[in-house]
Amino acid sequence: WDTTLDYEDPASSPILRDDTLGGNGQGPNSCLPNGVQGGWEIGFPNRHCLRREFNNGDSIEPWIPAEVISSYIQSDDNLSLFREHIEYGIHGAVHLGLGGDDSTRYAPVDLFFFMHHANIDRLWWLWQNNQHDPLDYSG
């Protein structure tokens, strides 16, 4: 899931529709009522509904545009710098934007986790292919 396609208004992404992965949580516990995981009960670390709580009420703060991420891919000349830009940029923005379980260490209970991390892996692959030595993990 290329989050840059929806960066200006993430909550309006087709992936967050009621008939896909569902949108924002509802009620006092921010339980996800719709989408393929709507109404799921999670058993770990304690029993609770799958929760999402968008970081701007019914919307999500804008994420990182493609131009910024492309700049990191092209200009970051070591893994440490690239990791920092991605980790504290788009990676964190998506987790915090979706909120609820996605903003905890139990984020993998939400299918978004896997789609999001597949994109993070894709960005790392793009960065590696832009380097003189893509196997250099120094820095």
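Data block above holds the structure.
Just so it is clear, the model here is predicted, and its values are computed rather than measured.

Rules used in this analysis
- Residues numbered from 1 in each chain as written.
- Predicted model: local features only at pLDDT ≥ 70, side-chain atom pairs only at ≥ 80, totals over all residues.
- Heavy atoms only, no water.
- Helix = DSSP H or I, 4+ residues; strand = E, 2+ residues; numbered from the N terminus.
- Contact = heavy atoms within 4.5 Å.
- Patch = residues over 30% accessible without salt bridge, like charges linked within 9 Å, V, L, I, M, F, W, Y side chains within 5 Å.
- Areas by Shrake-Rupley, 256 points an atom, 1.4 Å probe, with all protein chains shown as cover.
- Salt bridge = Lys/Arg side-chain N within 4 Å of Asp/Glu carboxyl O.
- Buried < 20%, exposed > 50% of the residue type's maximum accessible area, 1.4 Å probe, protein only.

Caption draft 1: Structural context of the side chain of Thr3. Within the fold, Thr3 resides in the segment before strand S1 (41-42). Non-local contacts of Thr3, meaning those with residues more than four positions away in its chain, are made with Trp63, Ile90, Val94 and Asn119.

Caption draft 2: Molecular detail of a nonpolar patch on the surface. Together, Val36, Leu111 and Phe114 give the surface a local cluster of nonpolar side chains, amounting to about 280 Å² of exposed area. Within the secondary structure, Phe114 is located in helix H3 (residues 112-129). Residue classification places Phe114 among the partly exposed positions, given a relative accessible area of 48%.

Caption draft 3: Inspection of the pattern of salt bridges at higher detail. The tally for this structure, following the rule as stated, stands at six salt bridges. Among the ionic pairs, Asp101 bridges to Arg51, the shortest N-O distance being 2.8 Å. Note that Asp101 is positioned in the loop between helix H2 (79-98) and H3 and Arg51 in the loop between strand S2 (48-49) and helix H1 (66-75), a separation of 50 residues in sequence. Taking the relative accessible area as the measure of exposure, Asp101 reaches 1% and is therefore buried. Arg52 is the partner of Asp102 in a salt bridge, and the nearest nitrogen-oxygen pair spans 4.0 Å. With a gap of 50 residues between them, Asp102 in the loop between H2 and H3 and Arg52 in the loop between S2 and H1 connect regions that are remote in the sequence. Several salt bridges share partner residues, and in doing so they unite Arg52, Asp102 and Asp110 into one network.

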